[in-house]
Amino acid sequence: MTEIRAGSTYRAVLATPGALRFCVAGAIGRMPMAMFSLGSLLLVAALTGRYGLAGLVSAAGSVSYAVCAPQLAKVADRYGQGRVLRPAAVVFTIATGVFVTCAELRAPDWAVLATGALAGAAMPSLGSMVRARWSALLGSGPGLGTAYALESVVDELVFVVGPAVVTLLATEVRPAAGVVTAAAACALGTLALARQVGTEPAAHPVPAARPGARRGARLPAPGLVTLVPVTVLLGAMFATIDLSTVAFAQQHGHKPLAGLILGTYALGSAVGGIWYGSRAWRAPLDRRFAVTLGLTVAGVATFWIMPGLAALAAVIFVAGLTISPTLIAAFSLVEEQARPGRRTEGMAWVSSAASVGIAVGSAVAGQAVDAGGARWGYRLAACWGGLALACCLAGLSRLRAAAAPDGEKLAVSDAINAQPAPDG
């Protein structure tokens, strides 16, 4: 475990032996997160002319990923990342090839849908894998917050570059080019990460048992009872903002500027993440998560009153400043209270919850925008955010379990996991 002093810089964190290599591999392998869903939509729509089928295939891939990613991460915790990443890369590449072939051969709808869902299910959650490596390398010291901030910035850059690249390839080169490029990036990054055994977290073949602990505790971290619904709602909020911004730009006669405005939102998030990660914080993690989440929602609540694109671009940049700090705090909470041998799985739950929210938000937002225009879409986004904040405040006590001393942390986790699940 490497010690990093408080107030550490990004350079100091990346200077940790092996860190730069797995960070770069993880960034390349994460590109399908931002490319595969959109690429599959563009592929099916271009070949069939049916946006309904295209949206269904894209949603199936996203939902399959959300369901399977935590299970894949659980196996990685149990047997080691290398033994999981290699076969996952192979299966994802083959499944993507079969999906593209079915789409180009105009196979029956069920075949295109099934192969698209299979490809999504096989996509590895490299974000959680890389964050688990940082945690194993740096422990719970001050450098871990900087490392998580760096990963959050990487996520933002992936979602800025990925959609632009996949759209360009699918529209200017060939409909399948975007999906194929996403699969190639995934294979390259995943296999490169799998080869780096020196920074791989230790495997936990049998989870450690504690006296009085409930056998087969459901969640890898107690705070996920709060974090999962909050992240689902945040995903829905972001998806609604995306669709509403496209509609808003179109209503103002400048639809191509929608991508630039959404890129400004991601840029604000990246800037906020860099600033947040470069500082040592004394406030408890749960409080930081609640405050940054509240600021994020407050910013979104102003979008619907913006008079034009220039005002929206300025406000959306400022509102984006707290997105990365919110997600950094969420991943840090999971890391701090994760049960033995289930750290990667816990982080994958957060990523998967966001994917579910994006799928749900896209479907609902389309109806809202069709019915009332972009401003109603922005109001819906604010409602999603308000619900996320309400869930956070209602479940704050579970997040505070992460702040317990190491000797008490797992006891709190066992106690919470042993409680009966609420109805519904």
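Residues numbered from 1 in each chain as written. Predicted model: local features only at pLDDT ≥ 70, side-chain atom pairs only at ≥ 80, totals over all residues. Heavy atoms only, no water.

**Remarks on the overall build of the chain**
Within the chain, the secondary structure is distributed over 18 helices and zero strands. Residues classed as buried in the chain amount to 53% of the 424 residues present. When contacts within the chain are restricted to residue pairs at least 6 apart in sequence, those whose partners lie at least 24 apart make up 84%. When the accessible surface of the chain is summed, it comes to about 18,000 Å², and 67% of that surface belongs to carbon and sulfur atoms. (Helix = DSSP H or I, 4+ residues; strand = E, 2+ residues; numbered from the N terminus. Buried < 20%, exposed > 50% of the residue type's maximum accessible area, 1.4 Å probe, protein only. Contact = heavy atoms within 4.5 Å. Areas by Shrake-Rupley, 256 points an atom, 1.4 Å probe, with all protein chains shown as cover.)

**A closer look at unusual backbone geometry**
For R106, which is not glycine, the phi torsion reads 55 degrees and is therefore positive. By secondary structure assignment, the location of R106 is in the loop between α5 (81-104) and α6 (109-122).

**Let's talk about the pattern of salt bridges**
Under the criterion given, the structure shown has four salt bridges. For R30, the salt bridge goes to D155, with nearest N and O atoms at 2.7 Å. Residue R30 is located in the loop between α2 (19-29) and α3 (31-48), and its partner D155 is located in helix α8 (residues 142-173); the two are separated by 125 residues in the primary sequence. According to the relative accessible area criterion, R30 is buried, its value standing at 1%. (Salt bridge = Lys/Arg side-chain N within 4 Å of Asp/Glu carboxyl O.)

**Structural notes on the nonpolar core**
Grouped burial of nonpolar side chains is what soluble globular proteins tend to show. Grouped together as the largest cluster of nonpolar side chains are 76 residues, with contacts concentrated most on W134, I241, F289 and F303. Sort the elements by how many residues they give to this core and helix α10 (residues 224-251) lands first, with 12 residues. If we ignore the near neighbours within four places in the chain, the residues touching I241 are L262, Y265, V300, F303, Y378 and A381. Core analysis: the second largest hydrophobic core is formed by 25 residues, L47, V100, V112 and A122 among them. (Core = buried A, V, L, I, M, F, W, Y, C linked by side-chain atoms within 4.5 Å.)

**Re the confidence of the model for the chain**
On average, residues of the chain score 81 in pLDDT, and 89% of them reach the 70 mark or higher. Below a pLDDT of 50 lies the segment residues 3-7, which in the model reaches 10 contacts outside its immediate sequence neighbourhood of four places, other chains included. (pLDDT = per-residue confidence, 0-100.)

**Observations regarding the packing of helix α12 (residues 285-300) against helix α14 (residues 323-337)**
One can describe the packing of α12 onto α14 by two numbers: an axis separation of 8 Å at closest approach and a directional angle of 150 degrees. Considered as vectors, α12 and α14 are oriented roughly antiparallel to each other. At the point where α12 passes α14, the crossing takes the left-handed sense. Packed against α12, whose contacting residues are L285, D286, F289, T292, L293 and T296, the element α14 presents I323, P325, T326, A329, A330, S332, L333 and E336 at the interface. (Axes fitted to C-alpha atoms, helices over the stretch in contact; angles between N-to-C directions. Parallel < 35°, antiparallel > 145°, perpendicular 65-115°, else oblique. Left-handed = near helix turned anticlockwise from the far one by under 90°.)

**A short note on the environment of G139**
Within the fold, G139 resides in the loop between α7 (126-138) and α8. Residues G139 and E336 lie 197 residues apart in sequence; the distance between their C-alpha atoms is 9.6 Å.

**Remarks on the packing of aromatic side chains**
Applying the stated criterion to the full structure yields seven aromatic pairs. On the basis of an interplanar angle of 70 degrees and a centroid distance of 6.5 Å, the ring pair of F238 and Y265 is categorised as edge-to-face. Of this pair, F238 sits in helix α10 while Y265 is found in helix α11 (residues 257-277), placing the two residues 27 residues apart along the sequence. A connected cluster of aromatic rings, assembled from ring pairs, spans F238, F248, Y265, F303 and Y378. It is R131 that lies over the ring of F331; its NZ or CZ is 4.0 Å from the centre. The aromatic ring of W376 is capped on one face by R379, whose charged end is 4.6 Å from the ring centroid. (Phe/Tyr/Trp six-rings, centres within 6.5 Å; stacked < 30°, edge-to-face > 60°. Lys NZ or Arg CZ within 6 Å of the ring centre and 35° of its normal.)

**A closer look at a nonpolar patch on the surface**
Taken together, the side chains of L20, V24, I28 and L188 make up a nonpolar region of the molecular surface, amounting to roughly 350 Å² of accessible area. The biggest single contributor to the nonpolar patch is α2, with three residues. (Patch = residues over 30% accessible without salt bridge, like charges linked within 9 Å, V, L, I, M, F, W, Y side chains within 5 Å.)

**Concerning α12**
Taking 1.5 Å of rise per residue, the 16 residues of α12 would be expected to cover 22 Å, and the 23 Å separating its terminal C-alpha atoms lies within 8% of that figure. Buried within α12 we find L285, D286, R288, F289, A290, T292, L293, T296, V297, G299 and V300. (Expected span 1.5 Å × (residues − 1).)

**Quick notes on the side chain of D155**
Taking relative accessible area as the criterion, D155 reaches 15% and is therefore assigned buried. Only 2.8 Å separates the side chain of D155 from the side chain of R131, close enough to count as a polar contact. In this structure D155 touches R30, M33 and R131, once residues within four positions along its chain are discounted. (Polar contact = N/O pair within 3.5 Å; in protein donor to acceptor, adjacent residues only side chain to side chain.)

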